[in-house]
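Take a look at the letters that make up each chain.
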Amino acid sequence: YWQRDLDGPPERVYDEMYSSDAFLAEHIKLQQKPREPDCNLERVILGLMFWSDSTHLASFGNASLWPLYLYFANQTKLDRAKPNLGACHHIAYIPKLPDSFNDFFESLAGQAPSADVLTHCRRELMHSVWKLILDDDFLYAYEHGIVIDCPDGVKRRFYPRIFTYSADYPEKVLLATIRNLGSCPCPRCLLKKDRISEMGTKLDASRRETLARSVTDSLKDKIYHARDAIYRLGNTIKGVVVGRLLDEESLVPTENAFFRLSTFGLNVFKMLVPDFMHEFELGVWKNVFTHMIRLLVANGGTSVQYLNQRFRMVPTFGLATIRQFSENASAMKKLAARNFEDLLQCSMPVFEGLLDEPYNTIILDLLFTLAEWHALAKLRLHTDTTLQRLDLLTSELGRILRRFSKQVCPYFDTRELPREEAARGRRKAKMSKSQPSTAQPKEPATAKRKMFNMNTYKLHALGDYVSTIRWFGTTDSYSTQPGEREHRRVKKFYARTNKNNAVLQMTRLERRERILGRSKASQARKSRRKRRRGITPSKSETLLSTPPDVHHHISPSRNNHLHIPTWLDANSGDPALE
């Protein structure tokens, strides 16, 4: 808690995962459980935070990897964000369907697998891997705990608990076993797609609570009967019988591996936390910026050229706060999330005056609200006051997005940008290759009409940030950025292989590096115990006089610093510490 002044009320501070309401609730629940027989050890929660994301391993070719990472919530997020500390643990490299699967299916069924069958098999494969991870030994540890010798020499019983799973939307769909972009696209609630544009209203907030997904016996029965209809009765995966059972909640006929943990209180849907990088910076803001470029193109004249010129005139700031913009910012070529963040922070003076009134004022209001929401949602420490402001700003963002959609977008003939038209042409050419050729005249290439779409899951996810921060802590604890940064490590492993059965070689390299890291850390701890670190009188620093009403005095110099955990570890046998 934090108190603004002595007379003011205390405010809840939201920061680390281990101090979040979710962690504290699990700790209280654990302490209220009966102890294990003949065990008086201290009982501790071991917080598990998972990441997974597929990545390309090389600039050329189709070599890819689907790693599953694990971080411990008991560690500070400052350490988890540093790759050289080894806080990330590689749990599995999830396999993909091999190319030979098509031949196997054709020899078994007499025809090639359809797209629905391949999608179903990919879901089944992923959850089969998770069933191997969440085996009986893991379930036993989840219920009865694991006794571990801690570095301070004290034995404790740790109880693993899964708190968050960070992934982009396609993987969230796989983990939640729901249909991709179905009628209920959110993995956390059952809100219909046509209601997403109401984000930020009181009715929308009420629906998120009343329509929250949960693991129930009714849900399990629906999936069981759907699988029975497919595997025993021979119905198709997207047939009428299966659709009658599952379409209402956008479910799929796959048995979720995380359902076995529901008896211990895990809600697989609640653990799928929002993804700030993909959902806002590469999602909502990118879509808004793209449509604003379409507006400038539809407005005609030299609006787009002025936009690029203004972005080029923006100076850099700090070491990496604002970077130099590209020559053609409107083209958005090879931009990462940090580039779109820079575009947002500098967009207001760039867009000012490019469109006539009243459109100019609405666009500037939208850009200001987006920038403020982005800054608040990305804070690394929140209080009740900042979360109240973020909640109000979320409602304001939804209101001004609806205003932008109704009072600006319909008055411009917005069409596809050149890169969007080229991408559509490539998709069409790829589809034509997979289908039998028929002699049809080619249609002239024209840019299609593009309207601003508010019924997207990424916009809907913005309404979950306040409740998620209150429950799990700030967004930097479960952002996908540490997982993306860890991809650099697996790519280095790939470069050290001979590219023949590379996954097996990468697994051995990771295990070898992990063992060497543990050995090095063990030797460092032993050497710290042997020596007594102190400050000689010649190096000691004379402190200034401290008034008696001052709580403490901190030296202005860092030359003679002392790491307190290391000092406590080195003096663990000193009776004065008991």
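The rules behind these values
- Residues numbered from 1 in each chain as written.
- Predicted model: local features only at pLDDT ≥ 70, side-chain atom pairs only at ≥ 80, totals over all residues.
- Heavy atoms only, no water.
- Core = buried A, V, L, I, M, F, W, Y, C linked by side-chain atoms within 4.5 Å.
- Buried < 20%, exposed > 50% of the residue type's maximum accessible area, 1.4 Å probe, protein only.
- Helix = DSSP H or I, 4+ residues; strand = E, 2+ residues; numbered from the N terminus.
- Contact = heavy atoms within 4.5 Å.
- 1 Å grid on protein atoms, 1.4 Å probe; cavity = no way out; pocket = protein on both sides within 12 Å on 5 of 7 lines; lining within 4 Å.
- Points joined across faces, edges and corners; volume = space filled by probe spheres on them.
- Nonpolar A, V, L, I, M, F, W, Y, C, P; charged D, E, K, R; others polar.
- Expected span 1.5 Å × (residues − 1).
- Polar contact = N/O pair within 3.5 Å; in protein donor to acceptor, adjacent residues only side chain to side chain.
- Axes fitted to C-alpha atoms, helices over the stretch in contact; angles between N-to-C directions.
- Parallel < 35°, antiparallel > 145°, perpendicular 65-115°, else oblique.
- Left-handed = near helix turned anticlockwise from the far one by under 90°.
- Salt bridge = Lys/Arg side-chain N within 4 Å of Asp/Glu carboxyl O.
- Pairing = 2+ DSSP bridges.
- Phe/Tyr/Trp six-rings, centres within 6.5 Å; stacked < 30°, edge-to-face > 60°.
- Lys NZ or Arg CZ within 6 Å of the ring centre and 35° of its normal.

*Asks:* Sorry, what's going on with the nonpolar core here?
*Replies:* Soluble globular proteins tend to pack their nonpolar side chains together in the buried interior. Within the largest apolar cluster, 81 residues are counted, with the highest numbers of intra-cluster contacts made by F280, W285, V288, L366, W373, F404 and L462. Residue contributions to this core peak at 10 residues, all from helix α10 (residues 276-299). Excluding residues within four positions of it along the chain, L366 makes contact with V288, M292, L397, I400, L401 and F404. Residues V44, Y169, L246 and L272 belong to the second largest nonpolar core, which totals 56 residues.

*Asks:* What exactly am I supposed to notice about empty space enclosed by the protein here?
*Replies:* Any empty space left between the atoms is revealed when a probe the size of a water molecule rolls over them. Overall, the coordinates contain 5 cavities of 30 Å³ or more when judged by the stated rule. Of the volumes computed, that of the largest cavity is approximately 80 Å³. Looking at the largest cavity, the residues that line it are G283, V284, N287, V288, L401, F452, N453, M454, T456, K458 and L459. Looking at the lining of the largest cavity, the elements with two or more residues in it are α10 and α17 (457-461). If one sorts the elements of the lining of the largest cavity by residue count, α10 sits on top with 4 residues. The class makeup of the residues in the lining of the largest cavity is 6 nonpolar, 4 polar and 1 charged.

*Asks:* For this particular structure, what's the right way to read the layout of surface pockets?
*Replies:* Estimated volume of the largest pocket: approximately 2200 Å³. What lines the largest pocket is a set of 43 residues, and nearest its centre among them are Q75, L85, G86, A521 and R525. Of all the secondary structure elements, the ones that give two or more residues to the lining of the largest pocket are β7 (67-72), β8 (89-93), β9 (146-149), β10 (155-166), α19 (481-495), α20 (502-530) and α21 (564-570). The biggest single contributor to the lining of the largest pocket is α20, with 10 residues. In the lining of the largest pocket, the residues fall into 16 nonpolar, 9 polar and 18 charged.

*Asks:* Explanation requested: helix α4 (residues 115-133) in the structure shown.
*Replies:* When the terminal C-alpha atoms of α4 are compared, their 28 Å separation across 19 residues agrees well with the 27 Å that a helix rising 1.5 Å per residue should span. Residues of α4 that are buried: V117, L118, H120, C121, R123, E124, M126, H127, V129 and W130. Of the surrounding secondary structure, the elements contacted by the buried residues of α4 are β4 (42-52), β7, α3 (101-109), β10, α6 (169-176) and α8 (217-231).

*Asks:* Teacher, can you tell me more about unusual backbone geometry here?
*Replies:* Negative phi is the rule for most residues except glycine; trans is the rule for most peptide bonds. The omega torsion of the bond from E357 to P358 falls at 0°, within 30 degrees of zero and hence cis. Here P358 shows up in the loop between α13 (347-351) and α14 (359-377). The phi dihedral of K334 falls on the positive side, at around 55°, and the residue is not glycine. For K499, which is not glycine, the phi torsion reads 70° and is therefore positive.

*Asks:* Help me understand the side chain of E416, please; the structure alone is not making it clear to me.
*Replies:* With respect to the element layout, E416 can be found in the loop between α15 (384-407) and α16 (418-434). Taking relative accessible area as the criterion, E416 reaches 11% and is therefore assigned buried. Within the structure, the side chain of E416 is placed 3.0 Å from the side chain of R424, a separation counted as a polar contact. Once residues within four sequence positions are removed from consideration, E416 is found in contact with E421, R424, T446, A447, K448 and K450.

*Asks:* What should I look at first to understand the packing of α14 against α15 in this one?
*Replies:* Describing two packed helices takes the angle between their axes plus the distance from one axis to the other. Close contact between α14 and α15 brings their axes to 9 Å; oriented N to C, the two are set at 150°. Taken as axis vectors, α14 and α15 run roughly antiparallel relative to one another. As α14 packs across α15, the resulting crossing turns out to be left-handed. Here Y359, I362, I363, D365, L366, T369, L370, E372, W373, L376 and A377 of α14 come into contact with α15, specifically with T386, R389, L390, L393, T394, E396, L397, I400, L401, R403, F404 and Q407. A breakdown of the residues in the contact of α14 with α15 according to their chemical character gives 14 nonpolar, 4 polar and 5 charged.

*Asks:* I'm lost on the pattern of salt bridges in this one. Help?
*Replies:* Between side chains of opposite charge, a pair can form when the charged atoms approach closely. The tally for this structure, following the rule as stated, stands at 35 salt bridges. Close ionic contact of R161 with E26 constitutes a salt bridge, the shortest N to O distance being 3.3 Å. Of this pair, R161 sits in strand β10 while E26 sits in helix α1 (residues 21-32), placing them 135 residues apart in sequence. For the pair R161 and E26, a shared accessibility class is recorded, and that class is buried. For E281, the salt bridge is made with K378, and the minimal N-O distance between the two is 2.9 Å.

*Asks:* Looking at this model, I keep getting lost on the sheet that holds β7. Mind explaining?
*Replies:* Picture the strands of a sheet paired through backbone hydrogen bonds; they go either parallel or antiparallel. Strand order across the open sheet formed by 5 strands is β8-β7-β4-β10-β9, with mixed pairing between neighbours. Lying at the two open borders of the sheet, with one neighbouring strand each, are β8 and β9. Pairs of neighbouring strands in the sheet enclose a mean axial angle of 40°, with direction left out of account. Pairing of β4 with β10, which is carried by 10 bridges, proceeds in the parallel orientation.

*Asks:* Would you explain the packing of α10 against helix α11 (residues 303-313) in this entry?
*Replies:* In the contact formed by α10 and α11, the axes pass within 8 Å of each other and the chain directions differ by 130°. On the basis of the axis angle, α10 is oblique to α11. Between α10, through F289, I293, L296, V297 and N299, and α11, the contact on the second element is made entirely by S303, V304, L307 and F311. Each residue belonging to the contact of α10 with α11 can be placed in one class, and the counts come to 7 nonpolar, 2 polar and no charged.

*Asks:* What should I look at first to understand the environment of L191 in this one?
*Replies:* Within the element layout of this structure, L191 appears in the loop between α6 and α7 (202-210). Take L191: its relative accessible area is 3%, and that puts it in the buried class. Along the sequence, L191 and N180 sit 11 residues apart, while their C-alpha atoms lie 14 Å from each other. If we ignore the near neighbours within four places in the chain, the residues touching L191 are S183, C184, P185, I196, D204, R207, L211 and H460.

*Asks:* Is there a simple way to explain the packing of aromatic side chains in this structure?
*Replies:* When we look at a pair of aromatic rings, we describe it by the centre distance and by the angle of the planes. Evaluation of the coordinates by the stated rule reveals 26 aromatic pairs. Relative to Y71, the ring of W51 has its centre 4.7 Å away and its plane inclined at 70°; by these criteria the two rings are edge-to-face. Placement of the pair is W51 in strand β4 and Y71 in strand β7, with a sequence separation of 20 residues. Note on accessibility: W51 and Y71 belong to one class, buried. Taking 6.1 Å as the distance between ring centres and 35° as the angle between the ring planes, the aromatic pair formed by Y359 and Y411 counts as tilted. Residue Y359 is located in helix α14, and its partner Y411 is located in the loop between α15 and α16; the two are separated by 52 residues in the primary sequence. Among the residues examined, Y411 registers a relative accessible area of 56% and is labelled exposed. Here the guanidinium or amino end of K270 rests over the ring plane of W471, the centre of that ring lying 4.3 Å away. Across from the ring centre of Y494, 5.1 Å away, lies the NZ or CZ of K499, which sits over that ring.

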